Amino acid sequence: MRHRLAALALGALLISGALPTLPAPAAAAPPPPAPAPAAAAPQARTPRAKVAPAAPVTYAGLAHDFARLRAEARALADEFRALQAAASSLSPAERRRRTADLDVRSRSLAARMEQLDARVAALPEGAPMIPNLAGLNADSLALALAREFEPVLRAFGRLANPFARNAGSGPEIPWVDWKAHLRVTPLPTVATRNFTRTAAPAAGIERVSLAHRFGDVRVVQSADESLRVAVSISVQGNMTEADARALADQVRLDLAMDTACAALASIPELRGESDRAIRVDLTLSVPRALGACVRNAYGDLIVSDVAGRVDGSVSFGDLLAHDLGSPARLEVRNGDLKAERARATLDAVDQFGVLLIREVTGALMVDGQNSEMHIEDARGGAQLTARNGSLRLRSAVGPIGLSAQNATVGVESVRGNITLNTQMARTEISQVAGTLNAQCFDGSLATSFVGQPQDLQTRYCTVRVENPGGDVKLSGESAPMLLRIPEGGAGRRYDAVNRFGTLTLEVPRAGSAAIQAATNFGTIYSDLPMRRADTGDWQRGEATIGGGEAQVTLQAVNSSIRITTAGR
């Protein structure tokens, strides 16, 4: 049932062709040479018959089959989208035929997902599919598998045919739980080693570059003009102390001076050894005059109180940045991003995580994919993109440009103009001291207390406009539309045109408006006395409430108009 509900609520994800495009996990970590252990009982969840795999389960095989299923799902998504675009021009019989064909193929995909689920369940619980990194830290590759695979597998659960929703619930899509295969007991620490490298940056160098993996990186402001890198090594696993110290001694840090100062930590390779791991944490102290470019994988990145430019990215880890004095670009793939108190331009990208941004003085650019985004106190304008996730913006100074696809969007307390472009999104906008221009395809759009003119163009999108403070121009198609105007409104114009969808106007009893309404192949229903003037296929009517200060024009094509009053 949970898969069916997810399909009904979010099935439009695949119609848009917006399946997450993820890098092939096998490229990030080649498979171990040995096959996985023999099958064990699956973890406790919804009872379902399991079919033992015919061959030993290996990560390479899983990754290969996963990639094939993902490609097939994307192809189905394209066909769903094409069917939706052509639906109005197809005969009912042709539409049923193509719908049935896509439904059969969707069920076939679900059956193969069941087989993949059985193969994953055959892995012993707690046994990592990738050795060496499983016991490294919370962002080891084992967790990376869960983070990277699970959202896409969840998308399979949204593969519902929108044209067959009334015919049945659709196929049952399995929920593959990769997290059962995380190592929950960390490997024991056998040996540690710490050392520091210090250098004076050569003249003309503008930034420090660092590429790292398998540990956390912290970037701070240096107390003097020297560059300093503190290294902390932890060797974990089942080995003697002598072997652990020998591994720790193989870790070295190289500093190269050229047009930039490049730092690189060399770490011994432990691929294929699931009971051993090496973690290397770095603290980079940067002179005030230099910027920092840091790339980290399988670990976190913390940047604090840095005056120079920052370019930081993390794969399979979290990024925390605060008190940034110069323009910064931050990117996280499979992890969370938090940035506070940026005093210049900030460009932030997050995939498959939670993004939290507060107190940005300069221009803000944010791109989120499969992310939960929260932005507060953006003072220099913003360009925001949300795909397959959610976005919440509160307390901002415009202009604001916002693009959303398969997302839930909330905007509140903005001083400035807003430009909105959405596809299959649920959007609510309120308390705006500026204009709003919106183009929305599918989903819903609700606005309230927008102080300046609104121009909204929608298709297959439910619209609700409440208490506008300026002129309103609405143009919609194939979805209901509600316009609720306030009292007064001298000199304001409210124009609404809707095709193939009910158009409702709500006016306060103490309001003041002159209303003109017209519809063809529909009916005008009014709580107000109307002067009728029907001609041909058109019904026309006029009504006045109060002094008729606001001018309201309503037009419905192949749909009806409803005019009602409220005691506000």
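Please refer to the structure placed before this passage.
This write-up is about the structure you can find in this document. (Residues numbered from 1 in each chain as written. Predicted model: local features only at pLDDT ≥ 70, side-chain atom pairs only at ≥ 80, totals over all residues. Heavy atoms only, no water.)

**Quick word on the packing of aromatic side chains**
Then comes step 1: This model, assessed by the stated rule, comprises three aromatic pairs.
Then comes step 2: On the basis of an interplanar angle of 20° and a centroid distance of 5.6 Å, the ring pair of Phe-214 and Tyr-298 is categorised as stacked. Here Phe-214, found in the loop between β2 (207–213) and β3 (217–221), pairs with Tyr-298, found in the loop between β8 (291–297) and β9 (301–306); they are 84 residues apart in sequence, far enough to count as distant.
Then comes step 3: The exposure class of Phe-214 is buried, given its relative accessible area of 11%.
Then comes step 4: Between Tyr-298 and Phe-316, the ring centres sit 5.2 Å apart and the planes meet at 10°, which makes this aromatic pair stacked. Placement of the pair is Tyr-298 in the loop between β8 and β9 and Phe-316 in the loop between β10 (310–315) and β11 (319–324), with a sequence separation of 18 residues.
Then comes step 5: Relative accessible area serves as the criterion here: at 4%, Phe-316 is assigned to the buried category.
Then comes step 6: Through pairs of rings, three or more aromatic residues link up here, namely Phe-214, Tyr-298 and Phe-316. (Phe/Tyr/Trp six-rings, centres within 6.5 Å; stacked < 30°, edge-to-face > 60°. Helix = DSSP H or I, 4+ residues; strand = E, 2+ residues; numbered from the N terminus. Buried < 20%, exposed > 50% of the residue type's maximum accessible area, 1.4 Å probe, protein only.)

**Re the pattern of salt bridges**
Then comes step 1: The tally for this structure, following the rule as stated, stands at 24 salt bridges.
Then comes step 2: Between Arg-329 and Asp-347 there is a salt bridge whose closest N-O contact spans 3.8 Å. Taken together, the residues Arg-329 in strand β12 (residues 328–333) and Asp-347 in strand β14 (residues 346–351) connect sequence positions 18 residues apart.
Then comes step 3: Arg-329 gets classed as partly exposed once you look at its relative accessible area, which sits at 32%.
Then comes step 4: One salt bridge connects Glu-542 with Arg-531, and the closest N-O pair in it is separated by 3.5 Å. Residue Glu-542 is located in strand β32 (residues 538–545), and its partner Arg-531 is located in strand β31 (residues 531–532); the two are separated by eleven residues in the primary sequence.
Then comes step 5: Residue Glu-542 is classed as partly exposed on the basis of its relative accessible area, which comes to 33%.
Then comes step 6: Through salt bridges that share partners, Arg-464, Glu-466, Arg-484 and Glu-506 make up one connected network. (Salt bridge = Lys/Arg side-chain N within 4 Å of Asp/Glu carboxyl O.)

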